[in-house]
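Examination of the molecular architecture
So the chains spell out like this:
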Amino acid sequence: MNAIVEREKGLIELEQRITALKTHAAQQPVDLTAEIRALETKYAEIQREVFGTMTPWQRVNMARHPKRPLGSDYIAALDQFDELHGDRHFRDDRAIVGGFAKLRGRRVIAIAQDKGRDTKEKVLRNFGMPSPEGYRKVIRLVQLADHLGLPVVTFVDTSGADPGIGSEERAQAEAIAQSLYELADAGVPIVATVIGEGGSGGALALALADRVLMLEHAVYSVASPEGAAAILWGDAGRAEEAATRLKLTSDDLLRFGIADEVIPEPLGGAHRDPAGVVASVLTAVDAALTALSTIAPDELRDRRYRKFRRIGSAAP
Amino acid sequence: MPMPEWLRLRRAEPVPADQAAQWTKCPKCGSMIYRPDLAANAWVCTNCSHHFRMHAFDRISMLVDADFVEIGGELLPGDPLGWTDKVPYPQKLQRDREKSKLTEGVVCGFASIGGTPVALGVMDFNFRGGTMGTVVGERITQLFESARERHLPCVVFTASGGARMEEGMLALMQMAKTTLAVRRFHDDGGYYISVLTDPTTGGVSASFAFQADVIMAEARAAIGFAGRRVIEQTIRQKLPENFQTAEFLLEKGAIDMVVERSEVKGTLMRLLDYGSGAQRSANGRVAVARAIGAPAEPAESRP
């Protein structure tokens, strides 16, 4: 069970009581203003208590909240989208959605990882874990963007690249390595936004970007907490402990200089106002693109080089 | 710069006393092998041809013609996350330093192989499982940057469990950093050969290991993205014996060739020879750029 969903239960009950009371007050000639105000005060208190300060593990759960806006929700909010399918070799990986788009009137190539909402969609999208053909679709779309001079906009949300037999047979490592290699030299602006979970190399393969944005409760880590716990201690059950040590929250990443900007979420998380959050992400992406739009391709490549060059570098 | 002590020792005859009279058990066939015999056989079991994981110093000693000039050796890891689990991360590093006589998971520098000057990087599984943290990323990046400045081909032997958990996202970002360095080196006409050794997985396989012009793998090396255990846990079934071996990858078309260790140096020499034109043409471009008065950045930064 998702830890945030658990913590929300009391709040949702309270919310329903407030709504019921308000309906009642509207229909009956009784003054319930004082009662409603008391409940609303209590609600705000609990909300602050539950969401005001969250542990890293709670934030991982927030990033995985079943109602959190997904990649497709961002794609759907674009002015226009024409999906381009497939890697031209093997198949169309539905864990990654990509194509031509217009974002606030600007022509772009948009690429999103999508975990799927219901069970059927989750299976279709392999729970948002891309296979090599997904990364090869990314490579193809980045080449197309470079060819046509279109900026690349990515939305990152994956627990990691697919670790299955087929993915290994089709060289998952090579696909991710080549995706990075392609992004490294594209002469167009690249803006990546971590909207939920940024899990390891499978996320980075869409995030070697000029600007890396993160939603407040998104997480981005060297491995999923479960994966890190399994690697370090042979026990995926110690995920909460790993989450605490990995420094994976948006404030950690801003401090490391890996994230350039954190986009705030409403108290209680993005799913409390999905449309508002999606819109504020698109506004932030648009602003980043505007800032990058005047930079010449070579200068863009140079700056991208320097941006990542200094991470973990001895040089000042 | 004088020859490094470890290289001088390995070149000296006879084998130093503290290394002699040791026996090692082959993990594959179980036979007891006299250590000097094992060393003389390039750390390949004299009975079953099992390739032992090699120490970076032994590997370099086996490959290079004479001297080796290390770069980036002064870079030492910090503790960016303040990591502690059973023991603090700095203590794990100290333990591995003592155990392996290495300062980090990769040794980089300049040498010549069969007469061809190269930039050479050799990873070592003995140091924190060859994991890539900030220092491994920085040394590899510096290697490609210096190779680019000097117009040298680059050869990297990989051996890695992936990104280093204890350095968190700073470790993951080394995949991006090394990729950018490889790309810049390539775009400037550089020639890059990777040699994947046992094991090459995770963030290293998903970055510079699989970005080379020619990808060679040592016989029977384990190579992949996800670790075997992770896959087995995910799919809840046993994997076939040859899954993620060099031979498996060759059959699937992911790598160029599989080579027995005894053949690695000879093969490398031939591959370097085929690529010698590429280096010349890179030099040629610089010469042309100079002649026409156009800026030639690589030449200017040449030492």
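Residues numbered from 1 in each chain as written. Chains lettered and ligands numbered in written order. Predicted model: local features only at pLDDT ≥ 70, side-chain atom pairs only at ≥ 80, totals over all residues.

Let us now look at the overall build of chain B. When helices and strands are tallied, chain B shows 12 helices and 9 strands. Taking all 303 residues of chain B together, the buried fraction comes to 47%. (Helix = DSSP H or I, 4+ residues; strand = E, 2+ residues; numbered from the N terminus. Buried ≥ 20, exposed ≤ 12 C-beta atoms within 10 Å, placed from the backbone.)

What follows concerns the domain arrangement of chain A. All names here are of chain A. Looking at chain A, the domain boundaries give domain 1 (3-53) and domain 2 (60-309). Put simply, the middle of domain 1 and the middle of domain 2, counted by C-alpha atoms, are 36 Å apart. Facing 5 residues of domain 1, the contacting portion of domain 2 comprises 7 residues. Taken together, the elements giving at least two residues each to the side of domain 1 that touches domain 2 come down to α1 (3-27) and α2 (33-51). Split into classes, the residues belonging to the side of domain 1 that touches domain 2 amount to 4 nonpolar, 1 polar and no charged. (Domains from an automatic or database assignment. Contact = placed C-beta atoms within 7 Å. Nonpolar A, V, L, I, M, F, W, Y, C, P; charged D, E, K, R; others polar.)

Glancing now at the interface of chain A and chain B. How big an interface is tends to be reported as the loss of accessible area on association of its parts. Each partner contributes to the interface: chain A provides 42 residues, whereas chain B provides 40 residues. Those elements that place two or more of their residues in the side of chain A that touches chain B are α7 (165-169), α8 (172-185), α9 (200-204), β7 (219-221), α10 (225-233), α11 (239-246), α12 (250-256) and α14 (297-309) of chain A. By residue number, the principal contributor to the side of chain A that touches chain B is α8 of chain A, which donates 9 residues. In the side of chain A that touches chain B, the residues fall into 28 nonpolar, 7 polar and 7 charged.

Residue and element names in this part refer to chain B. Ordered in space as β3-β4-β5-β6-β7-β8-β9, the 7 strands form an open sheet in which the pairing is mixed. One side of each edge strand has no neighbouring strand; the edge strands of this open sheet are β3 (69-71) and β9 (257-259). The mean inter-strand angle of the sheet, taken between neighbouring strand axes irrespective of direction, is 25°. Both strand β5 (residues 116-123) and strand β6 (residues 154-160) contribute to a ladder of 4 bridges, which runs parallel. (Pairing = 2+ DSSP bridges. Axes fitted to C-alpha atoms, helices over the stretch in contact; angles between N-to-C directions.)

Let's shift gears to the pairing of strand β5 (residues 190-199) of chain A. All names here are of chain A. Counting buried positions over the 10 residues of β5 gives 10, a clear majority of the element. Relative to strand β6 (residues 211-215), β5 is paired through 4 bridges, and the arrangement is parallel. Its bridge partner lying in β6, T193 is registered against L213. As paired elements, β5 and β7 share 3 bridges and run parallel to each other.

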